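# A structural walkthrough
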Amino acid sequence: MNTVKIKNTVLGEGSPKIAVPLVAKDSDGLQAALQDLQGLSFDVVEFRADFLERAADAGYVMDCLRQVRAALPDTPLLFTFRRAEEGGECPVSQEVYFGLVQAAIRSGLADIVDIELFAGDTEVKETVALAKAHGVAALLCNHDFYETPPKEDIIARLQTMQDWGADICKIAVMPQSPADVLVLLDATQTMFDRYAKQPLVTMAMGKIGVISRLAGETFGSAMTFGAAKKASAPGQINANDLRVILNILAG
């Protein structure tokens with residue numbers, strides 16, 4: 001399986017890397033959120049642009065992205081605008097969504113961009129190609145906030161991401177029972193063992209799914225998300241606590 005190197009961080013080898021979301025409603029809040037990163041142990045910062053009050057304003061979003069990049073020049077930076085359809089904070093049209101993601105790619109400020117698999121086939125493929133042309137890693141993803149799809153569907157979605165050129169393939173599901181968590185972990189391991197050519201990022205959300213955020217090295221997930229102060233998804237735990245647990249599990 002290929003690894004993906006972003007600055008000095010390598011996804012797909014060793015313990016899962018810890019990504020911490022930056023969540024703020026405006027530039028001042030972003031500055032405060034950046035301060036909250038002091039003393040935290042993390043490998044990647046995810047800028048969640050959809051939490052901004054002016055999230056649909058591409059110029060403003062790029063100014064905020066520039067602010068983050070200036071504060072974290074050497075940290076791998078993931079740009080994410082999560083659509084409302086997959087649990088995001090700001091409903092926008094397909095045109096606005098892809099405009100924002102493509103602006104982030106062209107800006108040269110982001111190392112990785114989050115692209116939702118089901119946002120539109122043609123546009124997704126075009127955006128992946130644009131990322132490759134600009135030397136930006138494409139993280140293709142899918143989030144199901146209501147249920148856990150069958151194992152075969154999870155694997156099929158991850159394979160589609162890979163087939164469409166993803167550098168990193170991510171899926172997050174909502175378990176309704178402990179058995180659903182096992183479905184997610186089983187799908188992850190099967191994908192990792194049989195089909196994966198690129199790093200995988202998988203998780204079961206919510207309290208029931210917390211174990212999936214810790215067990216990546218065992219089952220094949222290369223990155224996990226930990227919170228600074230405000231979590232960006234259900235079930236995230238503090239990044240420092242996450243590091244301690246991951247180190248214990250790594251032996």
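About the thresholds
Residues numbered from 1 in each chain as written. Predicted model: local features only at pLDDT ≥ 70, side-chain atom pairs only at ≥ 80, totals over all residues. Heavy atoms only, no water. Helix = DSSP H or I, 4+ residues; strand = E, 2+ residues; numbered from the N terminus. Rg over C-alpha atoms; globule rule 2.2 N^0.38 Å. Buried < 20%, exposed > 50% of the residue type's maximum accessible area, 1.4 Å probe, protein only. Contact = heavy atoms within 4.5 Å. Lys, Arg positive; Asp, Glu negative; His and termini not counted. Charge placed at Lys NZ, Arg CZ, Asp CG, Glu CD. Core = buried A, V, L, I, M, F, W, Y, C linked by side-chain atoms within 4.5 Å. Pairing = 2+ DSSP bridges. Arc of directions from axis to C-beta. Polar contact = N/O pair within 3.5 Å; in protein donor to acceptor, adjacent residues only side chain to side chain. Axes fitted to C-alpha atoms, helices over the stretch in contact; angles between N-to-C directions. Parallel < 35°, antiparallel > 145°, perpendicular 65-115°, else oblique. Nonpolar A, V, L, I, M, F, W, Y, C, P; charged D, E, K, R; others polar.

This brings us to the overall build of the protein. The helix and strand inventory of the protein stands at nine helices and eleven strands. For the protein, whose C-alpha radius of gyration is 17 Å, the value lies close to the compact-globule estimate of 18 Å for 251 residues. Across its three principal axes, the protein shows a C-alpha extent of roughly 45 × 40 × 35 Å. For the protein, buried positions account for 57% of its 251 residues. A separation of at least 24 residues holds for 72% of the contacts in the protein among residues at least 6 apart in sequence. Computing the positive centroid from 23 side-chain charges and the negative centroid from 32, the protein places the two 3 Å apart.

What follows concerns the nonpolar core. With 67 residues, the main nonpolar core has Leu 22, Leu 37, Phe 47, Phe 79, Phe 81, Val 113 and Leu 140 as its most contacted residues. When near neighbours in sequence (up to four residues on either side) are disregarded, Val 113 contacts Leu 78, Phe 79, Val 101, Ala 104, Ile 105, Ala 131, Val 136, Ala 137, Ala 138 and Leu 139. With 18 residues, the next largest nonpolar core counts Leu 11, Ala 19, Val 44 and Ile 112 among its residues.

The strand order 9-8-7-6-5-4-3-10-11 describes an open sheet built from nine strands, whose pairing is parallel. Two strands bound the open sheet, and with one partner strand each, they are strand 9 (200-204) and strand 11 (237-238).

What follows deals with helix 1 (residues 27-36). Those residues of helix 1 lying buried are Leu 30, Ala 33 and Leu 34. Across the axial projection of helix 1, the buried residues extend over an arc of 100 degrees, all falling on one side. Close packing links the buried residues of helix 1 with strand 3 (17-22), strand 4 (44-48) and helix 2 (58-71). Where helix 1 begins, the side chain of Asp 26 points an oxygen toward the backbone nitrogen of Asp 28, at a separation of 3.3 Å.

On to the environment of Asp 180. Looking at the secondary structure, you find Asp 180 in helix 6 (residues 178-195). Of the residues examined, Asp 180 reaches a relative accessible area of 16% and is grouped as buried. Taking the C-alpha atoms as reference, Asp 180 lies 8.2 Å from Ala 204; in sequence the two are 24 residues apart. Those residues within four positions of Asp 180 in sequence are excluded, and the remaining contacts are Thr 148, Met 174 and Pro 175. At 2.8 Å, the side chain of Asp 180 forms a polar contact with the backbone nitrogen of Gln 176.

Relative orientation of the contacting elements helix 3 (residues 94-107) and helix 4 (residues 121-133) amounts to 10 degrees, with a least axis distance of 10 Å. On the basis of the axis angle, helix 3 is roughly parallel to helix 4. Residues Gln 94, Phe 98, Val 101, Gln 102, Ile 105 and Arg 106 of helix 3 pack against Glu 123, Val 124, Thr 127, Leu 130 and Ala 131 of helix 4. When grouped by side-chain class, the residues that make up the contact of helix 3 with helix 4 number six nonpolar, three polar and two charged.

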